[in-house]
Amino acid sequence: MTQLALVIDLNVCVGCHACVTSCKEWNTSGPAGFMTDENPYGKDPTGTFFNRVQTYEVGEFPKTETVHFPKSCLHCEDAPCVPVCPTGASYKREKDGIVLVDYDKCIGCRYCSWACPYGAREIDEEQKVMKKCTLCVDRIYDESLPEAERKPACVLACPTSARLFGDVHDADSDVSVAIREEGGYQLMPEWGTNPSNHYLPRRKTHMHIHEDELQRADNPLNKEQRGPSGPVEGTTLDDSTSW
Amino acid sequence: MHPAFSVIFLTTLIGVGQGLFLALFTGQSYAAVELVPSQDSATFYGLGGIIAFVFLVGGLIASVFHLGRPERAWRSATQWRTSWLSREVIALPIVMGLIFVYSIMHYFGLDTVLYTSKAGTTLQLSLIVGALGMLFTFVLFICTGMIYAAIKFLQEWACALTPINYILLGTASGFTLAAAFASSNAPDLLGLYGNWAIIITAFAFITRGGSLIRNSRIKAKSTIQSAIGIRHPQIQQKAMGMQGGSVNTRDFFHHKTATFFKIIKWSFMILVFPVPIILLWSGMESGSTSTLLGAFIIQYVGLIAERWFFFAQANHPQNLYYQTT
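Described in the following lines is the structure provided in the data block. As a convention, each chain's residues are numbered from 1 in the sequence order in which they are written. By the order in which they are written, chains take letters starting at A while ligands take numbers starting at 1. Note on the predicted model: pLDDT of at least 70 is required for a residue's local features to be given, and 80 or more for side-chain atom pairs to be given and counted; whole-chain, interface and lining totals, by contrast, use all residues. For the side-chain quantities, the full set of heavy atoms in the structure was used; hydrogens and water were omitted.

**Here's the deal with the sheet that holds strand β10 (residues 163-167) of chain A**
Residue and element names in this part refer to chain A. When DSSP finds at least two bridges between two strands, those strands are taken to pair. Helical segments are the DSSP runs of H or I of at least four residues, strand segments are the runs of E of at least two, and each set is numbered from the N terminus. Judged by pairing direction, the sheet is mixed, and its three strands sit side by side in the order β10-β1-β11 without closing on themselves. In this open sheet, the two edge strands, each paired with only one partner strand, are β10 and β11 (198-200). Here the average twist between neighbouring strands, direction ignored, is 25°. Relative to β11, strand β1 (residues 4-9) is paired through three bridges, and the arrangement is parallel. Each residue of the ladder has a partner; that of Ile 8, found in β11, is Tyr 199. In this analysis, axes come from line fits to C-alpha atoms, helices being fitted only over the stretch in contact, and the angle between any two N-to-C directions falls in the range 0 to 180 degrees.

**Structural notes on the sheet that holds strand β5 (residues 63-72) of chain A**
What the three strands build is an open sheet, ordered β5(A)-β4(A)-β3(B); its pairing is antiparallel. Of all strands in the sheet, those with a lone pairing partner are β5 of chain A together with β3 (235-239) of chain B, marking the two edges. Shown here is a sheet whose adjacent strand axes are inclined to one another by a mean of 30°, direction ignored. In terms of strand pairing, strand β4 (residues 51-60) of chain A meets β3(B) through four bridges, oriented antiparallel. If you follow Thr55(A) over to β3(B), its bridge partner there is Ala239(B).

**What about the packing of helix α5 (residues 161-185) of chain B against helix α11 (residues 289-313) of chain B?**
Residue and element names in this part refer to chain B. Interhelical geometry of α5 versus α11 gives an angle of 160° and a closest axis separation of 8 Å. Judged by the angle between their axes, α5 and α11 are roughly antiparallel. As α5 packs across α11, the resulting crossing turns out to be left-handed. Side by side, α5 and α11 meet where Thr 162, Tyr 166, Leu 169, Ala 172, Ser 173, Thr 176, Leu 177, Ala 179, Ala 180, Ser 183 and Ser 184 of the first sit next to Thr 289, Leu 292, Leu 293, Ala 295, Phe 296, Gln 299, Leu 303, Glu 306, Arg 307 and Phe 310 of the second. Polarity classes work like this: nonpolar for Ala, Val, Leu, Ile, Met, Phe, Trp, Tyr, Cys and Pro, charged for Asp, Glu, Lys and Arg, and polar for all others, with Gly in that last group. Residue classes in the contact of α5 with α11 are distributed as twelve nonpolar, seven polar and two charged. For this classification, under 35 degrees means roughly parallel, over 145 means roughly antiparallel, 65 to 115 means roughly perpendicular, and everything else is oblique. The sense of a crossing depends on the near helix, which, turned anticlockwise from the far helix by less than a right angle, makes the crossing left-handed and, turned clockwise, makes it right-handed. In what follows, residue pairs with any heavy atoms lying within 4.5 Å of each other are defined as contacts.

Structural data, given as structure tokens:
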């Protein structure tokens, strides 16, 4: 079984919000209709987004680290938002594990958003239906696009390649290798939702410089630069063997 | 959670309607075995059933305001296999239908005797309809309670006390209203309803108080550390990813001060339990309908505060991601 998901590398994310704007641009222009913006140029702009980048400060000054944290639907393997839906508008696709909302069936009761511990679902205040990340389902299978572009908009937009996209059930995929080898983890594992999206932790890359790396002891130039020795006194091997 | 008035009115109004119907059916079953004198079909069971029905209709109307797309509400009956909300959507019209049929049978005298025992006790058709109504009334109470209790990470709700409180609080308010109704239309039953109303209110005090104690001791399973997966005791959110707020900042928090929150808690603890018990007692002594009606109105106002508090107290783990509101 396939389970498409994102792997987000917190070590690389610089918090530029390119994934947010690109997600909004793609999904507000799609066949599923616009994503409401209220007061976009006013005092308190608000609206529906599938993806947001948050910022956290870890530690106490001066020993702090800023962590940019992109947050979207995690496409849980055991998605708690799906069984609570009274209409069946919320569903998880068998084919690729994407959790979707059928906007034509949703009654806007908000029960699924209560049942999501991550706050990944946002109701569209104008269309009155629940909306959430679709993993750009209208893009990743689009054969009119070049194959390299059949990825979610956020993944393509990321300038630092902090977002990987692939099948987490395929042990050899990029995402599975990254999760396995870079310490990928899930959010709020205590609720047993088994999120498909994983995060890669911050990793410190330390540089170790040893003394002998600064001063090369075995530099062959040291020997070569020693000036040539003068003429040799007496007979040499060459004298006796030259004929 | 943000307490939505549509849901507050839905749950409290259908609670009264269900409780009042349970009271009427209790009265009729007691009368059938001659524990209490039987009452006039039309002016007591019929009219009382219609009052209960009106409360349920009120609740149904309130629920429509909670839906974004009420015109598609019929779809919400399809997922009864997995969703408690869907089960409630099925149970509510069944209860309404049975109560409606029960009242009409009494009001227009359409009842028939199905069986008469040698001792002279009779089994009437309305008792069968009433028994079904009682069964589905409890099903509806359980569905309503389980909608909240089934969300395991809303730890304040995920507890057997949640459906128990819905059953007891709804029934208490219904019996209080029944006592007021009986004092004018069936004085013989005032004692029965008044005493039961006091007993159920007292039980509800124990279970609701129990859930308050339980909730005050909850240790949240999710922390900011598990939410973003960084193991450091000191994590502070600096930006939520938006400027003017979002659904996440509006729908999951009550946005009131701690003082207001405390005032609501104490007001409902006083208005739902001790005040109606005292008024019920004095109303039973004097037989005054206005005192008993006062008991019901005060209890109902208290229940609105109780329901507000019920929602406001639930702390959704998604709030961990939205801390700079």
